[in-house]
Amino acid sequence: MMQDHRAQWDLPMEQHKKYYKVTDAWEQVDRRDWLMLTVIFTALMLYLAFRFLLSTGYMLFDPDEAMSSIAGATFLHGGLPYVDVLVHRGPLLYLWHGVVLAVFGQFSYPAIHWSCLLYAVACSAYQLTRVQLCFGRFTAAATSIALLILATVWICDEDLWALNADFLMGSTAAVGFACLLQPISANPINKTRLAVAGLLFGMAFTFKQSAFIFAVVPGIVALTAPGLKIGDRLAGGFISVLAFLLPFLVFALHYSSLGYWTEFWEGFYVYNSQYTTSNDGSLIKNMLFIMLPYGVFILFPAVAAARLWRTGHIHNLGVILIWLLTAILVATATSRSWANYLWPLNFAIAVVTGISFNWLWRSRSLPAGWRRGGALAVTVVFLALLGTRVLLGSMATVG
């Protein structure tokens, strides 16, 4: 197997030893893995309980959810979004709502909530699987806790809790970026993985149009990934662009075949172009708005970048930096940003937080007792805060 790697990478044996050594350095074989799994499972159950109480206490969180449900319901009566109801989000969002309402009933809002939640949980699970493959179990565990913290108690805003286009778009984009992460000892990233990432980013684009920025990501990764020939780089970038366009073309061709291209384009693009970021001042203001709520989390991208650089994860460093940058641009694409725009960034911040905690856990400058105590304190405080949030939600629901 080592010879296969050497033939494909054409690298000296010494460098292969270095790659495998670096990979091993991330993994922490801990007999207390069951404790990590218990903490993650408990946090996930509390999160789902939190969402259950919210879904029973509030039928809808914001106008976006109401409009999406109305647009989805038009399918049940032979209508079409953009034609029979004026909407301006991506068509996949309305198709999602329409399918759920068709299966569970026209006013089954809890079914919409749970379909979105389960989809996001599945996307997060795949992301954590890739994080574990690349950086080890401890990093994946810390990433999951960070994501749950960001989704519940860190940024307490109903706009963030709303199950709208940003929630589904961010979850889908997270899977696309997870596809691009590579174990350091693996073969060079292939065209299939680039195409799948492009398709996922295209689906995110048809959930919400601000995800168009993600279209360039697989191409940049193809051009900068180590171990690829120039022909493979160009082919991978080209295929990923075609894959990105595919979901949009399916909807565009459908509306065009029915004679409704003008209505579709008006709602999908023209309306949205009127409130994009108009000047440098609004862009800076939006960036400050989205970064300030993260507080100490802002420090983790720099810590994670240093960790990835020192351990030779150059490919993954590039992917994560592109992830952070494009997620910030997506969140600031409009003239005013809201908390729900943070979803694509939340997934990226969670990953760099997990990588940072992996490094802090291994830091020899801190006594082992301090590291264990710190990890336990963070976990206990988080579970207490989340439990309190669930309790307050139940009290609000009963009231």
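Residues numbered from 1 in each chain as written. Predicted model: local features only at pLDDT ≥ 70, side-chain atom pairs only at ≥ 80, totals over all residues. Heavy atoms only, no water.

Trainee: Report on the overall build of the protein chain, specifying residues and quantitative values.
Mentor: Helix and strand counts for the protein chain stand at 18 helices and 0 strands. With 399 residues in all, the protein chain has 51% of them scored as buried. The long-range share in the protein chain, meaning contacts at least 24 apart out of those at least 6 apart in sequence, stands at 76%. When the accessible surface of the protein chain is split by element, carbon and sulfur atoms take 70% of a total near 18,500 Å². (Helix = DSSP H or I, 4+ residues; strand = E, 2+ residues; numbered from the N terminus. Buried < 20%, exposed > 50% of the residue type's maximum accessible area, 1.4 Å probe, protein only. Contact = heavy atoms within 4.5 Å. Areas by Shrake-Rupley, 256 points an atom, 1.4 Å probe, with all protein chains shown as cover.)

Trainee: Which residues make up the environment of Ala 140, and what values do they have?
Mentor: Looking at where Ala 140 falls in the secondary structure, it is placed in helix H7 (residues 137-152). Its relative accessible area of 8% is what places Ala 140 among the buried residues. For the pair Ala 140 and Gly 354, spaced 214 residues apart in sequence, the C-alpha separation works out to 6.5 Å. Sequence-distant contacts of Ala 140, that is, excluding residues within four places in its chain, are made with Leu 128, Val 131 and Gln 132.

Trainee: Run through unusual backbone geometry, naming residues and quoting values.
Mentor: The backbone phi angle of Tyr 82 is positive, close to 75 degrees, even though this residue is not glycine. Here Tyr 82 is to be found in the loop between helix H4 (63-74) and helix H5 (91-104). The class for Tyr 82 is buried, based on a relative accessible area of 4%.

Trainee: Give a description of the packing of aromatic side chains that names residues and reports values.
Mentor: Taken as a whole and assessed by the stated rule, the structure comprises 25 aromatic pairs. Ring centres of Tyr 82 and Tyr 255 lie 5.7 Å apart, and the angle between their planes is 75 degrees; this geometry places the pair in the edge-to-face category. Linking Tyr 82 in the loop between H4 and H5 with Tyr 255 in helix H12 (residues 230-257), this pair joins segments that are 173 residues apart in sequence. Comparing Tyr 82 with Tyr 255 shows no difference in burial state: the two are buried. Through a chain of ring-to-ring contacts, three or more aromatic side chains come together here, namely Tyr 82, Tyr 94, Phe 205, Phe 244, Phe 248, Tyr 255, Trp 261, Phe 264, Trp 265, Phe 268 and Tyr 269. (Phe/Tyr/Trp six-rings, centres within 6.5 Å; stacked < 30°, edge-to-face > 60°.)

Trainee: A description of the packing of helix H6 (residues 109-135) against helix H9 (residues 165-180) should follow, citing residues and the corresponding values.
Mentor: Relative orientation of the contacting elements H6 and H9 amounts to 20 degrees, with a least axis distance of 9 Å. The orientation of H6 relative to H9 falls into the category roughly parallel. As for the relative orientation of H6 and H9, their crossing is left-handed in sense. Residues Cys 116, Leu 117, Tyr 119, Ala 120, Cys 123, Tyr 126, Gln 127 and Arg 130 of H6 form the contact with H9, whose participating residues are Phe 167, Leu 168, Ser 171, Thr 172, Ala 174, Val 175, Ala 178 and Cys 179. Class assignment of the residues belonging to the contact of H6 with H9 gives a composition of 12 nonpolar, 3 polar and 1 charged. (Axes fitted to C-alpha atoms, helices over the stretch in contact; angles between N-to-C directions. Parallel < 35°, antiparallel > 145°, perpendicular 65-115°, else oblique. Left-handed = near helix turned anticlockwise from the far one by under 90°. Nonpolar A, V, L, I, M, F, W, Y, C, P; charged D, E, K, R; others polar.)

Trainee: Provide a residue-level description of H4, including the pertinent values.
Mentor: For H4, with 12 residues, the first-to-last C-alpha span of 17 Å sits near the 16 Å given by 1.5 Å per residue. Turning to H4, its buried residues number three or more, namely Glu 65, Ser 68, Ser 69, Ala 71, Gly 72, Ala 73 and Thr 74. Considering only its buried residues, H4 is in contact with H5 and H6. (Expected span 1.5 Å × (residues − 1).)

Trainee: Which residues make up the packing of H4 against H5, and what values go with them?
Mentor: Direction vectors running N to C along H4 and H5 enclose 70 degrees, while the axes themselves pass 7 Å from each other. Judged by the angle between their axes, H4 and H5 are roughly perpendicular. The element H4 and its partner H5 pack so that their crossing is right-handed. Residues Ser 68, Ser 69, Ala 71, Gly 72 and Ala 73 of H4 form the contact with H5, whose participating residues are Leu 93, Tyr 94, His 97, Gly 98 and Leu 101. Its residues assigned to classes, the contact of H4 with H5 shows 5 nonpolar, 5 polar and no charged.

Trainee: Requested: an account of the environment of Val 270, with residues and values cited.
Mentor: Mapped onto the elements of the fold, Val 270 is located in helix H13 (residues 261-273). What makes Val 270 partly exposed here is its relative accessible area of 25%. Remark: the alpha-carbon pair of Val 270 and His 88, spanning 182 residues in sequence, is separated by 9.0 Å.

Trainee: So what's going on with the nonpolar core? Residues and values would help.
Mentor: Phe 167, Leu 180, Phe 201 and Phe 214 are the most contacted members of the largest nonpolar core, which totals 96 residues. It is H6 that contributes the most residues to this core, 11 residues altogether. (Core = buried A, V, L, I, M, F, W, Y, C linked by side-chain atoms within 4.5 Å.)

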